[in-house]
Amino acid sequence: MPVIRAADLVKTYGDFDAVAGIAFEVEPGESFGLLGPNGAGKSTTMRMIGGTLLRTAGVLEVLGLDPETHGPEVRASLGVVPQQDNLDEELRARDNLIVYGRYFGLPLSYLKPKADELLEFAQLTEKANAKVSALSGGMKRRLTIARGLVNEPRVLLLDEPTTGLDPQARHILWDRLFRLKEQGVTLVVTTHFMDEAEQLCDRLIVMDHGAIVAEGSPQDLIRRYSSREVVELRFGSDRNAAVAGELRALVDRSEVLPDRVLLYADDGEALLETINRRGLNPLTSLVRRSSLEDVFLRLTGRSLVD
Amino acid sequence: MTRPITTGSSVDHVDAARRGRVLGWWFFAEGRLLRERPFLGVTIATAVGNPVLYLVAMGVGLGALVQQPVDGVSYLHFVAPGLVVSTVATTGAGWGTWPIMGGFKWERTYLAAAATAITPVQIALGELVALGLRLLVQAAVFWAIGLAFGAWPLASAWWVVPIGAAAGLAFFAPLAAYSATLEDEGIQFNFINRLIVMPMFLFAGTFFPLTAMPPFLQWIGWISPMWHGTQLARIASYGMANEPLPTLGHAAFLAACIAGGMAVAARTFSRRMEKAS
């Protein structure tokens, strides 16, 4: 049985469709992603899963229950990591975990050792008695994730888990999430970072304007919607468009962005050699593997991060 | 190497949900009181300092000027019950404004709690219960200090403790219901404090009987939980002849403010939780 099942799920605000009839299923132990730009409807979907936002239409089941009518039952099995940290800044790090655990009615005899275990997991043991307001952004994020695990959830919902973190803090966080995944926790992650989706997700849906535009594993999506490699060329902002016509003849697919031209090919090095032989002389060139960013560009004509 | 995080094995989620449904309000109240711990020193200093200052200034200082009995008793005996109620009720009114708005808007602690087995209605109720307990302690400290001043002629004066707390909750509940709807910076609270809470305090009959005011202004006292609480406290403290409302009438007014306020708060909390992202 899937842990989450959505069918024709709709959320409208007035005449704006935040979520416009989406369908997906999340299997137990899976790491499932919702990838899309800001405003695609990812967070709205997450909040409907937790039953804190009522849906306009459609079917939504979490662990076989409707989160609207069985909110406490559904949320008792969920761990929620919201987009914006809402830790209790007045409390110490450890007390945040204990108070939150009490919201589930868990006894202190369970919560005290659990809090220490979670602080260790979040690499915050030394900060156990520090006030939350004294923690860095990355530490707060890890504490929020630790808090979401206090009730030993069957599903962990992570809304933009690394937005606003520096690269080092992101990697520490990904490592922690990867461990959870290895331990069989079902993860549902929203992100607008394609590298995050590639790192964390077994399977994902790509969302845009409240709708699903593609679904599959990261590799699967790249294979389906992009070439194996991409050549990125910069000719200077005034020349990019001028040479684009000539470049387009060389490949099946190309994208002209304001600052660079992307050429899609199975053998990037060979293509670059051809371009150099023709004397087009790009200022900079880079051959890389295709990513979900290219998939999104192909599907919507826009970048994930504007 | 860190230990693996156990998941879904030692926690009974069905039981957690069942307990949340029944006792979520208490779980929230518990956490709410724990949040007050950093301010414990200030809270105790205020709870002790306020009664001492008020009883000295009003009971002893102003009392020295008021030579003849007021309502048949000494000025200290007259003013002390009113001081308990007005002090405690002011604390209650304070809890119903910025802290409620902050729970949705700034600290966002309500949003965190709403992601657990607790419902928005239980959060509103938990706030009421936590505040009720805090006000009981504050009123009890006032009453104990009043003992030292000889402020309580009758043994039944201990009733000022629950009465004070009830007056505080009667202010809190309607204000909390309103505060949950505010989405901007809360400048409305300045108007509430100056144009609603302040007049209700001045016309609560704390320092003089409400009947001393012109009849066309007395209605301000009648709609003030502080006046009803003060009248009740005086009945218990020195056996004031309860005119014009019977004891039960004053109690019913406070109960109606609390119950009515909470009924509206249940709605405004739920609606606001849906809006807040």
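Values in this document were obtained by computation on a predicted structure and should not be read as measured data.

Parameters and conventions
Residues numbered from 1 in each chain as written. Chains lettered and ligands numbered in written order. Predicted model: local features only at pLDDT ≥ 70, side-chain atom pairs only at ≥ 80, totals over all residues. Heavy atoms only, no water. Pairing = 2+ DSSP bridges. Helix = DSSP H or I, 4+ residues; strand = E, 2+ residues; numbered from the N terminus. Axes fitted to C-alpha atoms, helices over the stretch in contact; angles between N-to-C directions. Contact = heavy atoms within 4.5 Å. Core = buried A, V, L, I, M, F, W, Y, C linked by side-chain atoms within 4.5 Å. Buried < 20%, exposed > 50% of the residue type's maximum accessible area, 1.4 Å probe, protein only. Patch = residues over 30% accessible without salt bridge, like charges linked within 9 Å, V, L, I, M, F, W, Y side chains within 5 Å. Areas by Shrake-Rupley, 256 points an atom, 1.4 Å probe, with all protein chains shown as cover. Salt bridge = Lys/Arg side-chain N within 4 Å of Asp/Glu carboxyl O. Buried area = accessible area lost by both parts, 1.4 Å probe.

A. Fine view of the sheet that holds strand β10 (residues 229-234) of chain A. Residues and elements named next belong to chain A. With antiparallel pairing, the 4 strands of this open sheet are ordered in space as β11-β12-β10-β13. Of all the strands in the sheet, just β11 (253-256) and β13 (284-289) have a single pairing partner and so form its edges. Within this sheet the neighbouring strands show an average axis-to-axis angle of 20°, counted without direction. Relative to β13, β10 runs antiparallel, the two being bridged by 6 bridges. Within the sheet, the bridge partner assigned to Val230 lies in β13 and is Arg288. Contacts from helix α11 (residues 292-300) reach β10, β11, β12 (261-265) and β13, with the element oriented near 90° to β11.

B. Region of the structure containing the nonpolar core. Ranked by internal contacts, the top residues of the largest apolar core, which has 160 residues, are A:Ile4, A:Phe24, A:Leu143, A:Leu156, A:Val188, B:Ile123 and B:Phe269. The element contributing the most residues to this core is helix α7 (residues 160-179) of chain B, with 13 residues. Excluding its chain neighbours within four sequence positions, the residues that come into contact with B:Phe269 are B:Ile100, B:Phe104, B:Tyr110, B:Pro120, B:Ile123, B:Ala124, B:Ala176 and B:Ala180. Counting residues in each nonpolar core, the second largest holds 13 residues, with A:Val231, A:Leu247, A:Val251 and A:Leu271 among its members.

C. Layout of the environment of B:Leu210. All names here are of chain B. Turning to its location among the elements, Leu210 is positioned in the loop between α8 (188-202) and α9 (219-222). For Leu210, a relative accessible area of 6% gives the class buried. Linking Leu210 and Leu33, residues 177 residues apart in sequence, is a C-alpha distance of 36 Å. In contact with Leu210, not counting residues within four places along its chain, are Phe203, Gly205, Gln218, Gly221, Trp222 and Trp227.

D. Expanded view of the environment of B:Ala115. Considering the arrangement of structural elements, one finds B:Ala115 in the loop between α5 (109-114) and α6 (120-149). On the basis of relative accessible area, B:Ala115 is assigned to the buried category, the value being 11%. A sequence separation of 105 residues divides B:Ala115 from B:Ser10, and the C-alpha atoms of the two residues are 20 Å apart. Those residues in contact with B:Ala115, other than ones at most four positions away along the chain, are A:Arg75, A:Val80 and A:Tyr100.

E. Structural view of a nonpolar patch on the surface. A grouping of B:Leu40, B:Ile44, B:Val48, B:Val52, B:Val56 and B:Val60 is seen on the molecular surface, where their side chains present a nonpolar patch of about 460 Å² in accessible area. Secondary-structure assignment places B:Val48 in helix α2 (residues 40-65).

F. Local environment of the interface of chain B and chain A. Contacts between the two partners involve 42 residues from chain B, matched on the other side by 46 residues from chain A. Summed over both sides, the interface of chain B with chain A buries roughly 3900 Å², with 53% coming from carbon and sulfur. At the junction of chain B with chain A, the criterion picks out 4 salt bridges. For B:Arg37, the salt bridge is made with A:Asp95, and the minimal N-O distance between the two is 2.8 Å.

Everything listed here is a matter of geometry and, on its own, says nothing about what the molecule does.
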